[in-house]
Amino acid sequence: MIKKIFSVTALSLSLAIASSAQAQAPAMAPMFAHPQMGGFAAHRQGMGLHHALQFLNLSAEQNDKIFEIRHKNEPNFYKSRQKVIEIQQQIDELKMSQNFDVTKARALYTQLANTKADIKIAEFSQDAEIYDVLTADQKAELKKLCDAAHQKRKNKPKHK
């Protein structure tokens, strides 16, 4: 039993590392993307794209375009998130089963990692579409906001 728990833990750790490696930001906006959170200067850095847009004085037309972008992508995000939940439930069932199968566990964790990577890539793609809606001045202001949020996070004292 301990071997099973150790195997599952080691497998999940290795796949989590592989998953985060796959979910790297695309080259189109490296200064804004954060691989853990998905998007421009993500929430853990203090300034998410959704929040940052509030400071950019968007026109009604820009707000409408951004709404359309988010609205058209939401059904796919929902389906993908539901798929993640289903895979996680299958993993939980496998962990508790009497017939633990390493091959099946590896396949489920691979499927989970790939699904999460697909979600992150779709989020980055959506952010890039939104970024294209902005004017040059707004892009410059967004970069300043993101740089300031990054600097704030960088200067934050580290826990010991």
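Owing to the predicted nature of the structure, the values given are computational and were not obtained by experimental measurement. (Residues numbered from 1 in each chain as written. Predicted model: local features only at pLDDT ≥ 70, side-chain atom pairs only at ≥ 80, totals over all residues. Heavy atoms only, no water.)

1. A few points about the overall build of the protein
Okay, step 1: A count of helical and extended segments in the protein gives five helices and zero strands.
Okay, step 2: From first element to last, N terminus to C terminus, the protein shows the α and β order α-α-α-α-α.
Okay, step 3: Residues classed as buried in the protein amount to 34% of the 160 residues present.
Okay, step 4: In the protein, the proportion of contacts linking residues at least 24 apart, taken out of those at least 6 apart, comes to 72%.
Okay, step 5: Looking at the protein as shown, the accessible area adds up to about 10,800 Å², and 56% of this sits on carbon and sulfur atoms. (Helix = DSSP H or I, 4+ residues; strand = E, 2+ residues; numbered from the N terminus. Buried < 20%, exposed > 50% of the residue type's maximum accessible area, 1.4 Å probe, protein only. Contact = heavy atoms within 4.5 Å. Areas by Shrake-Rupley, 256 points an atom, 1.4 Å probe, with all protein chains shown as cover.)

2. Observations regarding the nonpolar core
In summary, soluble globular proteins display a tendency toward joint burial of nonpolar side chains.
Okay, step 1: In terms of nonpolar packing, the biggest core is built from 14 residues, with L53, L56, L58, I66, I130, L134 and L142 touching the most fellow members.
Okay, step 2: Within the residue set of this core, elements represented by two or more residues are α2 (49-53), α3 (60-96), α4 (102-133) and α5 (136-155).
Okay, step 3: Contacts of L53, omitting those with residues within four sequence positions, involve L58, I66, R70, I130 and L134.
Okay, step 4: If you look at the next biggest cluster of nonpolar residues, it comprises 10 residues, including F100, L108, L112 and I119. (Core = buried A, V, L, I, M, F, W, Y, C linked by side-chain atoms within 4.5 Å.)

3. Concerning unusual backbone geometry
Okay, step 1: Although it is not a glycine, N57 sits at a positive phi angle of roughly 50 degrees.
Okay, step 2: In this structure, N57 sits in the loop between α2 and α3.

4. Describing α4
In an α-helix there are 3.6 residues to a turn, and that puts residues three or four apart on one side.
Okay, step 1: In this model α4 runs 47 Å from its N-terminal to its C-terminal C-alpha over 32 residues, within 8% of the 46 Å that 1.5 Å per residue would give.
Okay, step 2: N-cap assignment for α4: the residue whose side-chain oxygen lies 3.1 Å from the backbone N of T103 is D101. (Expected span 1.5 Å × (residues − 1). Polar contact = N/O pair within 3.5 Å; in protein donor to acceptor, adjacent residues only side chain to side chain.)

5. A short note on the side chain of Q126
Okay, step 1: Note on placement: Q126 falls in helix α4.
Okay, step 2: Take Q126: its relative accessible area is 11%, and that puts it in the buried class.
Okay, step 3: Other than its neighbours up to four places away in sequence, Q126 contacts I69, R70, N73 and F77.

6. Section: the confidence of the model for the protein
Okay, step 1: Residues at a pLDDT of 70 or more form 69% of the protein, whose mean pLDDT is 75.
Okay, step 2: Ignoring residues within four places in sequence, the model shows residues 15-46, a span with pLDDT below 50, making 69 contacts including any to other chains. (pLDDT = per-residue confidence, 0-100.)

7. Focus on the pattern of salt bridges
Okay, step 1: Applying the stated criterion to the full structure yields five salt bridges.
Okay, step 2: Between R81 and E74 there is a salt bridge, and its shortest N-O distance comes to 3.1 Å.
Okay, step 3: Under the relative-accessibility criterion, E74 is labelled partly exposed at 36%.
Okay, step 4: Two residues, D147 and K143, come together in a salt bridge whose shortest N-O distance is 2.8 Å. Taken together, the positions of D147 and K143, both in helix α5 and four residues apart, correspond to about one turn of that helix.
Okay, step 5: Look at D147 and you get partly exposed, because its relative accessible area is 35%. (Salt bridge = Lys/Arg side-chain N within 4 Å of Asp/Glu carboxyl O.)

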